[in-house]
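# Descriptive structure summary
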Amino acid sequence: AAAAAAMVKETIRVYARVKPLGRRQQAGSYSVDDEEPLPSLEITVPRDLADGFINNKRESYKFKFQKIFGQEAKQDVIFDSIAKPVAECVLAGYNGTIFAYGQTGSGKTFTITGGAERYSDRGIIPRTLSYIFDQLQKDSSKVYTTHVSYLEIYNECGYDLLDPRHEASKMEDLPKVTIMEDSDQNIHLKNLSLQQATNEEEALNLLFLGDTNRMIAETPMNQASSRSHCIFTIHISSKEPGSATIRHSKLHLVDLAGSERVAKTGIGGHLLTEARYINLSLHYLEQVIIALAEKNRSHIPYRNSMMTSVLRDSLGGNCMTTMIATLAMDKRNIDESISTCRFAQRVALIKNEAVLNEEIDPTLMIVQLKKEIQDLKYELALVTGKPRTSELSQEELLQLDELIETFLKDDDPDSSLDVGADMRKIKYCFAHMKQIMNRPMTSGKKLLSQDPSEEKSSNKEAGEELEKLKGLLQQRDNEINILVTMLKKEKKKARDALSQLNATSAGSTVLEQSLSMSLEESQSPSRCFSLKEAKDFSSSVPRLPFLSRETGGKMSLGCQEAFEVFKRDHADSITIEDNKQLLKQR
Ligand code: ADP
Ligand code: MG
């Protein structure tokens, strides 16, 4: 489950490094030209040699490189310009490969592993280990795990150089490594040990162990140092705390077998182009590189040799790859140097696609998926509406009304009405909007009107409405005035009746008559509201029941209440009550 989060498409970077001349060596003629954008190395074939190639008219050859390092170039400079950028990519999660290619004695091992004499002679492998562990220590944002492996391929056989038993006295004693290909055509190296290194010292000890096994395995018989390929691999995995994603990356540091060739003897003139590799696997490496450089080549013959199988991803695959062409520029090796440069030019055409190697940690993934399932269950329950059968509260409805109103008023075409994953709310919103759409209300029209003429007509309607309401208010004021007048009248009448009662020294018939009369008067609206406006009113405002003619003979609530208040508040109410009792007895 590797996810390609990022991809870098790049051609293989090719550098040249010229080895210092030996004491008794005769210098070949070459020059370095720092042209833009890429520097070039021009090799001139000496007269005496060129004369030997009858059909070869060319005398000088020019090759382009990413950078050309002269005889004086030190190991730290080589590391900084060539290896450090690759190490940085590997730390970021990409695969990387650096391989040295050149004839035996041109400085491949010196460049990749280093010289044993001086500390400053240490090569790319120890410097890269030092740099990587330094960087890992500085980065506390991730958890890193580092392993190393060291493989030697000799004569199509793989050997594990990190066998810790120290029992090997010849190459055959080392554990044999074989290639396995899975159904996805991924290469697996069976029997190659991956040793964990938690710090620089542990990693250097492993490198030393591997180099010791490499030397022990070498006998004058097998010429291992020139005929074998050695691949030192740093495996890094990183994970952010709490994340389920793990990044894996590999850095191959490759010391290839010597690239020397044998000339076809007897056929003059084509020595420089048709010499064959002594090492068969380098011949297959060249076949792979030619195939990769050709457009529309679907089959790349990686499987022809173990070395090309192991470096499959480094060539035309998922890797940031760098090649160092090591050159021994003495007169006798000019032809080999030209071969090496030719090979380098082909390699420079190859495009690789390095992808970020990420995969998911299954246990952490389970935790994350469980949480996601819970969230989804909850969401599903909301959508199907099953556990939410209760009605929306009044408060919720009001909130929704407000939301709808703001939504409708918002001129922004991107505005949205978000009520969450609650089916009841969604349904209510639709119902409410439908209501608004169908309502012939001024406010509703106003919201939906776009036409200015429509706007005007709705303004007119609003004006009419205002006038109506003003009229209604006036009428209510009049009603109240009439009621107050009425009450005053009633009070006065009652007072008059009482004083009359007192004057006629309490005649029961008279009292009863008077009371009933005053009652009747109050019950009759036609008599109460003799004023013209009052009449208009009662007909125009049917909502006032006590003013309606339809109340019939019954005393209205207002009148009755007023009468009760009057009776209770009257100064002589007790006397009247006493008199009433007295009269009843009589
Ligand atoms: P290769 O691995 O390509 O056969 P080596 O790396 O073994 O070649 O180099 C051959 C000899 O030349 C070694 O003794 C090595 O120390 C020396 N040598 C190679 N390159 C350099 C260099 N750039 N500076 C100093 N000495 C070098
Ligand atoms: Mg070597």
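Before reading on, note that the structure itself is shown above.
Below you will find a few notes about this structure. (Residues numbered from 1 in each chain as written. Chains lettered and ligands numbered in written order. Predicted model: local features only at pLDDT ≥ 70, side-chain atom pairs only at ≥ 80, totals over all residues. Heavy atoms only, no water.)

## Some points on the sheet that holds strand β4 (residues 40-44)
Here we have three strands laid out as an open sheet, ordered β3-β4-β5, and antiparallel in their pairing. Whereas interior strands pair on both sides, the edge strands pair on one side only; in this sheet they are β3 (29-33) and β5 (60-64). Ignoring which end each strand starts from, the neighbouring axes of this sheet average 20° apart. Relative to β5, β4 runs antiparallel, the two sharing five bridges. Across the sheet, the residue bridging to Leu 41 is Phe 63, located in β5. (Pairing = 2+ DSSP bridges. Helix = DSSP H or I, 4+ residues; strand = E, 2+ residues; numbered from the N terminus. Axes fitted to C-alpha atoms, helices over the stretch in contact; angles between N-to-C directions.)

## Some words on the packing of helix α12 (residues 394-409) against helix α13 (residues 423-438)
Any two packed helices are characterised by the angle at which their axes cross and by the distance between the axes. Between α12 and α13, the shortest axis-to-axis distance is 10 Å and the interhelical angle comes to 55°. The orientation of α12 relative to α13 falls into the category oblique. Between α12 and α13 lies a crossing whose hand is right-handed. Mapping the contact onto sequence places Glu 396, Leu 397, Leu 400, Asp 401, Ile 404, Phe 407 and Leu 408 in α12 and Lys 425, Tyr 428, Cys 429, His 432, Met 433 and Ile 436 in α13. (Parallel < 35°, antiparallel > 145°, perpendicular 65-115°, else oblique. Left-handed = near helix turned anticlockwise from the far one by under 90°. Contact = heavy atoms within 4.5 Å.)

## Here's the deal with unusual backbone geometry
A cis amide bond links Glu 36 with the next residue in sequence, Pro 37, at an omega value of -5°. Examined against the element boundaries, Pro 37 turns out to sit in the loop between β3 and β4. One non-glycine residue, Asn 155, lies in the positive phi region at around 55°. Summarising the element assignment, Asn 155 is placed in the loop between β8 (143-154) and β9 (157-160). For Asn 155, a relative accessible area of 64% gives the class exposed. One non-glycine residue with positive phi stands out, namely Gln 185, at about 60°. Along the chain, Gln 185 turns up in the loop between β10 (176-181) and β11 (187-190). Taking the relative accessible area as the measure of exposure, Gln 185 reaches 42% and is therefore partly exposed. (Buried < 20%, exposed > 50% of the residue type's maximum accessible area, 1.4 Å probe, protein only.)

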